[in-house]
Amino acid sequence: MAELRPGVFPAPLQDPYADDCTQPFWDAALEGRLVAPRCTRCGTFVLPPQPYCFGCQHDGFEWVELPGTGTIYTFTVVRHPLAPQLADVVPYVGAVIELDGTQGAGARMTANVVDCDPETVQIGDKVEITFDQVSDTYAIPRFRKV
Ligand SMILES: [Zn+2]
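These numbers come from a predicted model, not from an experiment.

Distances from the zinc ion to its protein donors, Cys39 (SG), Cys42 (SG), Cys53 (SG) and Cys56 (SG), fall within 2.2 to 2.4 Å. One can describe the donor arrangement at the zinc ion as tetrahedral, given that its four donor atoms subtend angles of 100 to 115 degrees at the metal. Mapping the donors of the zinc ion onto the primary sequence gives the spacing C-x2-C-x10-C-x2-C. With Cys39 in strand 1 (residues 34–39) and Cys53 in the loop between strand 1 and strand 2 (61–66), the pair connects residues that are 14 residues apart, well separated along the chain. The residues Cys39 and Cys53 share a single accessibility class, namely buried.

Moving on to the side chain of Thr102. Structurally, the position occupied by Thr102 is in the loop between strand 4 (92–99) and strand 5 (108–114). Only 2.6 Å separates the side chain of Thr102 from the backbone oxygen of Leu99, close enough to count as a polar contact. Separated by 3.3 Å, the side chain of Thr102 and the backbone oxygen of Ala107 make a polar contact. When residues no more than four places from it in sequence are discounted, the contact partners of Thr102 are Phe45, Leu66 and Ala107.

Taken in spatial order, the five strands of this closed barrel run 3-4-5-7-6, and their pairing is mixed. Strand-to-strand, the axes of this sheet are offset by a mean angle of 50 degrees, without reference to chain direction. In terms of strand pairing, strand 6 (residues 126–133) meets strand 7 (residues 139–145) through seven bridges, oriented antiparallel. Within strand 7, the residue paired with Glu128 across the bridge is Arg144. Helix 1 (residues 23–30) rests against strand 5, strand 6 and strand 7 of the sheet, and its axis sits at about 65 degrees to strand 7.

Basis of the calculations
Residues numbered from 1 in each chain as written. Predicted model: local features only at pLDDT ≥ 70, side-chain atom pairs only at ≥ 80, totals over all residues. Heavy atoms only, no water. Donors = N, O, S within 2.8 Å, 3.2 Å for Na, K, Ca; no water. Tetrahedral: all angles 85-135°; square planar, octahedral: opposite > 155°, others 65-115°. Helix = DSSP H or I, 4+ residues; strand = E, 2+ residues; numbered from the N terminus. Buried < 20%, exposed > 50% of the residue type's maximum accessible area, 1.4 Å probe, protein only. Polar contact = N/O pair within 3.5 Å; in protein donor to acceptor, adjacent residues only side chain to side chain. Contact = heavy atoms within 4.5 Å. Pairing = 2+ DSSP bridges. Axes fitted to C-alpha atoms, helices over the stretch in contact; angles between N-to-C directions.

Structure (structure tokens):
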């Protein structure tokens, strides 16, 4: 397991699994870029990536690079460790981020908000993405307040 840091949910407990739908997301993450698939028929962003559009069931997407900034839509502060070995990680913030560049088109992302006092986090806070490279193949997206 990677080094445990207060406020940072460790990646090995949520090891991502890439498939044909999600590989472009992880490839971009390794380069420090946030991309999302947008339906070529109706314009809906589909995050997390899926084989079919939520809005119209179309299976054609274009990958769009997003600015990597956004707004906290909702959040929770996890104070109780999910496992005994996570005692040093709590409290941490899990949030749903409304991504800039996608308003009205359905892209929100669930992520850990790091490098902050969890007691200061509020709905509406502006955040920016940061990528935590945890292996040769994965960089985990997290957010920090701006
Ligand atoms: Zn669609």
